[in-house]
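Chain and residue survey
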Amino acid sequence: MHLKLIAMWIWRFVVLALCLQSAAVVAAKDGFFSFGKDGYFEVTITDPYIELHTGPGRGYPIFHVIDRGERIEVRKQRTDWFKVRGTGGQEGWVSREQLSHTLTLAGEPIQIDEPGMGDFSKRRWEMGVLGGDFSGANVLTFYTGYAFSENMSVEVSGSQILGSFSDSLMANVNLVAQPFPAWRISPYFTLGTGVIDINPRVTLIQAEDRTDQLGHVGVGVRAYLTRRFVLRAEYKSYVIFTSRSDNEEIQEWKAGFAVFF
């Protein structure tokens, strides 16, 4: 049952990630784009017309068309859709396919870069979901990370731990060192601290809820998949500092998917 729940949330995350807005990555190499008066890229339509949608997707209705020879400003990107503005002030969304058939004001074909390995090594933000085993219990973790440089980042995570005898919530702050950020399959090391709240399921006897501090070290690997998607797997060793005479040592294995910006 718990594994089905984890699988369901991982699937929801993948669907959500497909809809996330990415940073604008319209290329401006070798003068391919000319800037308009408002600082946006201007291009000229070469197809008989282009269709403006009300939103970034084919499911959104077409509300306006702009004819061949007219200029449009490219204002932002969301996945494979671009928000543009016509000379008459109409704003709408155009697919990558249609935009790739336009020309710069200098008459050159435009080049639109897709996210790739270069973006992966230079990413600033990363978010993802991981699922796995926490000392025999199922664990589901959501995290967000910010990279100070190509080699060092900080992450904040929250985990739900579902065991046979107790359920727990865990929050962590981690420092992550990635010595080889340009590698497609890149190892990393992590060190962090956090808190865990343990709620026993025992009903025959009275059991006390616990909130304890913890520390951990870990090692993992990121594998760049495609566009802005990353596969990630990691192992962590935790020490839970209990109020009793002995501390607890916990081993955790998990894997999942992430997107980066």
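Above this text you will find the structure in question.
Below, the structure is looked at part by part. (Residues numbered from 1 in each chain as written. Predicted model: local features only at pLDDT ≥ 70, side-chain atom pairs only at ≥ 80, totals over all residues. Heavy atoms only, no water.)

1. Overview of the overall build of the protein
The number of helices and strands found in the protein is 3 helices and 16 strands. Residue burial in the protein is summarised as follows: out of 261 residues, 41% are buried. In the protein, of all internal contacts separated by at least 6 residues, the share reaching a separation of at least 24 is 53%. Taken as a whole, the protein presents about 13900 Å² of accessible surface, with 59% of it coming from carbon and sulfur. (Helix = DSSP H or I, 4+ residues; strand = E, 2+ residues; numbered from the N terminus. Buried < 20%, exposed > 50% of the residue type's maximum accessible area, 1.4 Å probe, protein only. Contact = heavy atoms within 4.5 Å. Areas by Shrake-Rupley, 256 points an atom, 1.4 Å probe, with all protein chains shown as cover.)

2. Looking at the pattern of salt bridges
Counted according to the given criterion, the structure contains 14 salt bridges. Across the pair Glu-91 and Arg-85 runs a salt bridge, and its minimum N-O distance is 4.0 Å. For Glu-91, a relative accessible area of 33% puts it in the partly exposed group. A relative accessible area of 30% places Arg-85 in the partly exposed class. Salt bridges sharing common partners tie together Glu-126, Glu-155, Arg-222, Arg-232, Glu-234, Lys-236, Glu-252 and Lys-254. (Salt bridge = Lys/Arg side-chain N within 4 Å of Asp/Glu carboxyl O.)

3. Description of the sheet that holds strand β12 (residues 166-177)
Taken in spatial order, the 8 strands close into a barrel running β9-β10-β11-β12-β13-β14-β15-β16, and their pairing is antiparallel. Each neighbouring strand pair of the sheet contributes to a mean axis angle of 25 degrees, computed without reference to strand direction. As defined by bridge partners, strand β14 (residues 210-226) adjoins strand β15 (residues 229-241) across 13 bridges and the pair is classed as antiparallel. Across the sheet, Val-221 pairs through a bridge with Ala-233, a residue of β15. (Pairing = 2+ DSSP bridges. Axes fitted to C-alpha atoms, helices over the stretch in contact; angles between N-to-C directions.)

4. So, the pairing of strand β9 (residues 125-134)
Two elements, β9 and strand β10 (residues 137-147), share 10 bridges in a ladder whose sense is antiparallel. Within β10, the position partnered with Trp-125 by the bridge is Tyr-146. Connecting the antiparallel pair β9 and β10 is a turn made up of 2 residues, with Ser-135 showing a positive phi of about 50 degrees.

5. Digging into the packing of aromatic side chains
Within this structure, the stated rule accounts for 6 aromatic pairs. Ring geometry for Trp-125 and Tyr-146: centres 4.9 Å apart, planes at 55 degrees, overall tilted. Residue Trp-125 is located in strand β9, and its partner Tyr-146 is located in strand β10; the two are separated by 21 residues in the primary sequence. Residue Tyr-146 is classed as partly exposed on the basis of its relative accessible area, which comes to 31%. (Phe/Tyr/Trp six-rings, centres within 6.5 Å; stacked < 30°, edge-to-face > 60°.)

6. A short note on the pairing of strand β6 (residues 81-86)
Inspection of the sheet shows strand β5 (residues 71-78) paired to β6 by 6 bridges, in the antiparallel sense. Directly across from Ile-72, in β6, lies its bridge partner Gly-86. Taken together, the 5 bridges between β6 and strand β7 (residues 91-95) define a ladder with antiparallel strand orientation. Residue pairing for β7: Phe-82 is matched across the bridge by Val-94. A loop of 4 residues connects β6 with β7, the two strands running antiparallel in sequence, and Gly-89 in this loop sits at a positive phi of about 95 degrees.

7. Notes on the nonpolar core
One finds Ile-50, Ile-72, Val-74 and Leu-99 to be the most contacted residues of the largest nonpolar core, which totals 13 residues. Elements represented by at least two residues in this core include exactly β2 (41-44), β3 (49-53), β5 and β6. In this structure, Phe-134, Ala-137, Tyr-238 and Ile-250 belong to the second largest nonpolar core, which totals 11 residues. (Core = buried A, V, L, I, M, F, W, Y, C linked by side-chain atoms within 4.5 Å.)

8. A look at a nonpolar patch on the surface
Residues Trp-125, Tyr-146, Phe-148, Met-152 and Leu-175 make up a contiguous nonpolar surface patch of roughly 500 Å² in combined accessible area. Examined against the element boundaries, Met-152 turns out to sit in strand β11 (residues 152-162). The exposure class assigned to Met-152 is partly exposed, which follows from its relative accessible area of 35%. (Patch = residues over 30% accessible without salt bridge, like charges linked within 9 Å, V, L, I, M, F, W, Y side chains within 5 Å.)

9. Observations concerning the side chain of Glu-155
Relative to the helices and strands, Glu-155 is located in strand β11. Judged by its relative accessible area of 3%, Glu-155 is buried. A polar contact of 3.2 Å, which involves the side chain of Glu-155, links it to the side chain of Arg-222. A polar contact is formed between the side chain of Glu-155 and the side chain of Arg-232, at a distance of 2.8 Å. Non-local contacts of Glu-155, meaning those with residues more than four positions away in its chain, are made with Tyr-143, Thr-144, Gly-145, Asn-172, Val-173, Asn-174, Val-176, Arg-222 and Arg-232. (Polar contact = N/O pair within 3.5 Å; in protein donor to acceptor, adjacent residues only side chain to side chain.)

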